[in-house]
Amino acid sequence: MRYRFVILFLLACNLLANAQDRDNILAKMNAVKLDPGCVYGYCAFSNADFSRTEALADLASRVEAYMKSKGFKHVHTLADCPEGTVRTLVYTKGSDYFRTVAYVDKAALERLESELSKEYEVQGYQRAISALKERLARVTTYGDLEALLADSGAGASVRRGALTFDTPQDDVDRGFLVYYDKKTGKITAVMTPRNGDGVRFDVKTGAPGHPRKAPQGVIEWVCFEEPTKM
C-alpha cells in the first residue's frame, strides 16, 4: 500500500511538472507574439514535423516582408541568416497536438544587414584600390597622375606628398614612388612599395630597383590605406 501511494505521488508530481512546463512555453509564446522587436511564424497541427515546417515557412514570408519594408540591400530571405538566428518554441498536448512558434529578433536582422553592408563597402574600396594600382602603371605625366587620383573613388584611402627628408619612413616604405620631370611633367618611373626584403620594383617593367641607379626626377610618394577586412 505504501509503495502504491509513492507511485501515485510521483505520477502526480510528474503531471504537475509537465503542466507547469506547458504553461511556461505558452507564456513565452504569448510574449513573443506581443514583442514588437520580434518577427514570428506560427502553426498548430497534429504532426510535429509539419507544424515546425509550416511555422518556419510562415516566418520566412514575414521576414521577407519586414526586410523589404526596411529597404534591406544585402539580406533578403531567411536563408541568408546564419545558423542560430531562428529560435523555436513548441507546445505539445497529448500525442496529436503541436503548436510551434518560430521567431527572430529584428535587432539581429538589422545587425546582419549592417555587417554585410560594411563588408560590401570594404570590398568596394579594395576593388577601387586594386584598379587604381593597375592604372598607376599606365600614367605618363604628372597631370595624368593628378586626374587618376582625383577620380579614383578611393577617397581618404589615398595619401600622397612630395618626398622630403621629413617624410615619415613608414610612408616611404609603404608608398609607391613616382619620379617625374618638374619642367615637362613627364613621369620617368613608378616604383612599388618595398617588399619584405626592402626591394622596390618598376611597375611597368617589373625590374627590381637599385639604390645606386635610382630614376631621375622629382619624387612623390603615394600611399594606399587598405580597408580592414570584416
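You'll find the structure just up there.
Residues numbered from 1 in each chain as written. Predicted model: local features only at pLDDT ≥ 70, side-chain atom pairs only at ≥ 80, totals over all residues. Heavy atoms only, no water.

1. What to know about the sheet that holds strand S3 (residues 98-105)
As a reminder of what qualifies: When DSSP finds two or more bridges between two strands, those strands count as paired. In this description a helix means any DSSP run of H or I spanning at least four residues, a strand means any run of E spanning at least two, and both kinds are numbered starting from the N terminus. Axis definition: a line fit to C-alpha positions, over the contact stretch in the case of helices; interaxial angles, taken between N-to-C directions, run 0 to 180 degrees. When checking whether two residues touch, look at their non-hydrogen atoms; a contact exists if any pair is within 4.5 Å.
The three strands are arranged S1-S3-S2 in an open sheet whose pairing can be described as antiparallel. Only two strands of the sheet have a single neighbouring strand rather than two, namely strand S1 (38-45) and strand S2 (87-92). Within the sheet, the average angular offset between the axes of one strand and its neighbour, ignoring direction, is 15 degrees. The pairing of S2 with S3 spans six bridges and is antiparallel. Note that in S3 the partner of threonine 88 across the bridge is alanine 102. Running over the sheet, helix H2 (residues 48-70) touches S1 and S3 and is turned about 150 degrees from S1.

2. Brief notes about the pattern of salt bridges
Put simply, the rule reads: Whenever a carboxyl oxygen of Asp or Glu lies within 4 Å of a side-chain nitrogen of Lys or Arg, that contact is scored as a salt bridge. Any residue under 20% of the maximum accessible area for its type is buried, any over 50% is exposed, and the rest in between are partly exposed; the area is computed with a 1.4 Å probe on protein chains only.
If you walk through the whole model with that rule in mind, you get seven salt bridges. Between aspartate 105 and arginine 87 there is a salt bridge; the shortest N-O distance is 2.4 Å. A residue pair is termed long-range when its members are at least 10 positions apart, and aspartate 105 in strand S3 and arginine 87 in strand S2 qualify at 18 residues. A relative accessible area of 28% means that aspartate 105 is categorised as partly exposed. Exposure remark for arginine 87: the relative accessible area of 36% places this residue in the partly exposed category. Here glutamate 146 ties to arginine 160 by a salt bridge, and the two come within 2.7 Å at their closest N and O atoms. Here glutamate 146 is found in helix H4 (residues 142-150), whereas its partner arginine 160 is found in strand S4 (residues 158-162), with 14 residues between them in sequence. The class for arginine 160 is partly exposed, based on a relative accessible area of 29%. Bridged by salt links that share partners, the residues Glu146, Arg160 and Glu220 form one connected network.

Everything listed here is a matter of geometry and, on its own, says nothing about what the molecule does.
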